[in-house]
Amino acid sequence: MKPGIHPAYGPVVFRDKAADFAFLTRSTATSEKTVEWEDGNTYPVIDVEISSQSHPFYTGTARVLDTAGRVERFQRRYGSNA
């Protein structure tokens, strides 16, 4: 890679306040706010609104739409002659 043109890549804590969940990873994102992590080191922290701990798809609370009723209504309207 060409030196001097890439952003700094380092450890960052992403925190989901809604689910009281945080994880440490590496990213080019930065923040002025910091947090002391479990290992005793201080890392920049980025607050996110949703993560895998609070997203309905990953938590199993996602709603399933009734597509069977839509298909039946379409068949009644337009028939199966096509």
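See the structure above.
I will try to describe carefully the structure that is included in this document. (Residues numbered from 1 in each chain as written. Predicted model: local features only at pLDDT ≥ 70, side-chain atom pairs only at ≥ 80, totals over all residues. Heavy atoms only, no water.)

## Points about the overall build of the chain
Then comes step 1: Counting its secondary structure elements, the chain contains two helices and four strands.
Then comes step 2: If you list the helices and strands of the chain from N to C, you get β-β-β-β-α-α.
Then comes step 3: Buried residues in the chain amount to 13% of all 82 residues.
Then comes step 4: Within the chain, contacts between residues separated by at least 24 positions form 33% of all contacts whose residues are at least 6 apart in sequence.
Then comes step 5: Split by element, the accessible area of the chain, about 7,000 Å² in all, is 52% carbon and sulfur. (Helix = DSSP H or I, 4+ residues; strand = E, 2+ residues; numbered from the N terminus. Buried < 20%, exposed > 50% of the residue type's maximum accessible area, 1.4 Å probe, protein only. Contact = heavy atoms within 4.5 Å. Areas by Shrake-Rupley, 256 points an atom, 1.4 Å probe, with all protein chains shown as cover.)

## A word on the side chain of Asp16
Then comes step 1: Its place among the elements puts Asp16 in strand β1 (residues 10–16).
Then comes step 2: Salt bridges are absent for the buried Asp16, whose nearest opposite-charge side chain, Arg15, sits at 8.7 Å.
Then comes step 3: In this structure Asp16 touches Phe21, Val48, Glu49, Ile50, Ser51 and Ser54, once residues within four positions along its chain are discounted. (Lys, Arg positive; Asp, Glu negative; His and termini not counted. Salt bridge = Lys/Arg side-chain N within 4 Å of Asp/Glu carboxyl O.)

## A word on the pairing of β1
Then comes step 1: With five of seven residues buried, β1 lies mostly within the body of the structure.
Then comes step 2: Where β1 folds back on strand β2 (residues 21–27), the antiparallel hairpin that results is connected by four residues, among which Asp20 adopts a positive phi of roughly 50°.
Then comes step 3: Where β1 meets strand β4 (residues 42–48), four bridges bridge the pair, whose relative direction is parallel. Considered in β4, the bridge of Asp16 is made with Val48. (Pairing = 2+ DSSP bridges.)

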